[in-house]
Amino acid sequence: MANDLKRSDNLGLNNNSEFIPADSWRILRIMSEFVDSFDYMARMPEMLVSVFGSARTKEDNPLYAEARNTGKLLVDAGYGVITGGGPGIMEAASRGAFEAGGTSIGLNIELPMEQHPNTYQTDSLSFRYFFVRKVCFLKYSTALIVYPGGFGTLDELSEVLTMVQTNKINMVPIVFVGKKFWQGFIDWTQNTLLEEGMISPEDMNLFKVVDSGKEAVDWLVECHRYGRRGTVK
């Protein structure tokens, strides 16, 4: 049974076998992660902003300092910060919030090699399943700030844009930091997805692109102050 539960971490997606008893335990583990995380996050008093970005960004990278300042600015504006709890941009935003005396929540994922929780978390949750963790991000974020990142960042970003586009969650401000980095994505979205009818023209208004964390925080504060849902005007 112990071996079955250990194997269950990958949900058996590469296994074509029929239902086995360990699957029942897997379902209970998934339910437990939902219940525990929802119960914990529902107690947070502040409006929370999620900051996404690469785990590979080093401390001497200017983006690290930028994200760290963003964490501070969010706390100064009355927000709590949610990150994935790991290194890089996640650590930087967590650190800025932590050093400013604010709430710094880490939604940590258990990975065998890459993820090591950073030390700048006032609140720390641990997840075994990516999809449970992503639901927690979406359910409790009132805005999202997205720094340059890799596949994981793009996965989280795509999930948010899809959920907002299909009205599965309320529209929230979504802002990309780093015009140069994101320009290729914007061009492809505009010139390929839109031109070929894969998205609608109004979908280009689901996000805003800025060059600094200060611009990002100022914009989402304005959205919340005037009751806007994050649509770019």
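Since the model is a prediction, treat every value here as computed from it, not as a measurement. (Residues numbered from 1 in each chain as written. Predicted model: local features only at pLDDT ≥ 70, side-chain atom pairs only at ≥ 80, totals over all residues. Heavy atoms only, no water.)

### Looking at the side chain of Thr 57
What counts is decided by this rule: Only DSSP runs of H or I with at least four residues qualify as helices, and only runs of E with at least two residues qualify as strands; both kinds are numbered from the N terminus onward. Note on classification: 1.4 Å probe, protein chains only; a residue is buried when its accessible area is under 20% of the maximum for its type, exposed when over 50%, partly exposed between these limits. Residue contacts are counted whenever heavy atoms from the two residues lie within 4.5 Å of one another.
If you trace the backbone, Thr 57 turns up in the loop between strand S1 (47-52) and helix H3 (62-76). Overall, the relative accessible area of 10% leaves Thr 57 in the buried class. Among residues more than four places away in sequence, those in contact with Thr 57 are Leu 63, Tyr 64, Gly 88 and Ile 89.

### Brief notes about the pattern of salt bridges
Inclusion rule: By convention in these notes, a salt bridge is any Lys or Arg side-chain nitrogen within 4 Å of a carboxyl oxygen on Asp or Glu.
Here the structure, examined in full by the defined rule, presents nine salt bridges. A salt bridge links Asp 39 to Arg 43, with the shortest nitrogen-to-oxygen separation between them at 2.6 Å. Residue classification places Arg 43 among the exposed positions, given a relative accessible area of 58%. Arg 133 serves as the salt-bridge partner of Glu 156, at 3.7 Å between the closest nitrogen and oxygen. Of this pair, Glu 156 sits in helix H6 (residues 151-165) while Arg 133 sits in helix H5 (residues 130-140), placing them 23 residues apart in sequence.

### Considerations on the packing of H3 against helix H4 (residues 89-99)
The cut-off we apply is this: In this description, a line fitted to the C-alpha atoms serves as the axis of each element, helices being fitted only across the stretch in contact, and the angle between N-to-C directions of two axes falls anywhere from 0 to 180 degrees. Working definition: roughly parallel below 35 degrees, roughly antiparallel above 145 degrees, roughly perpendicular at 65 to 115 degrees, and oblique for all remaining angles. Less than a right angle of anticlockwise turn of the near helix away from the far helix marks a crossing as left-handed, whereas a clockwise turn marks it as right-handed. Charged residues are taken to be Asp, Glu, Lys and Arg, nonpolar residues to be Ala, Val, Leu, Ile, Met, Phe, Trp, Tyr, Cys and Pro, and polar residues to be all remaining types, Gly included.
Across the interface, H3 lies against H4 with an axial gap of 7 Å and an inter-helix angle of 40°. When the axes of H3 and H4 are compared, the pair comes out oblique. Judged by the twist between their axes, the crossing of H3 over H4 is right-handed. Within the contact between the two elements, H3 uses Leu 63, Tyr 64, Ala 67, Arg 68, Gly 71, Lys 72 and Val 75 and H4 uses Ile 89, Glu 91, Ala 92, Ala 93, Arg 95, Gly 96, Ala 97 and Glu 99. Taken together, the residues that form the contact of H3 with H4 break down as eight nonpolar, two polar and five charged.

### Concerning the pairing of S1
Consecutive residues of a regular strand have side chains that alternate between opposite faces of the sheet. As a reminder, the rule being used: Two strands qualify as a pair provided DSSP detects at least 2 bridges between them. The path from the first strand over the helix to the second decides the hand: if it runs clockwise while the strands point away from the viewer, the crossover is right-handed.
Most of S1 is tucked away, with five of its six residues classed as buried. Judged from the four bridges that link them, S1 and strand S2 (residues 79-83) form a sheet pairing that is parallel. Residue pairing in the sheet places Val 49 in a bridge with Val 81 of S2. With respect to chirality, the unit in which S1 leads through H3 into the neighbouring parallel S2 is right-handed. One ladder, built from four bridges, connects S1 with strand S5 (residues 143-146); its direction is parallel. Residue Val 49 lies in a different strand from S5, and its bridge partner there is Ala 143.

These results come straight from atomic positions and should not be treated as a statement about function.
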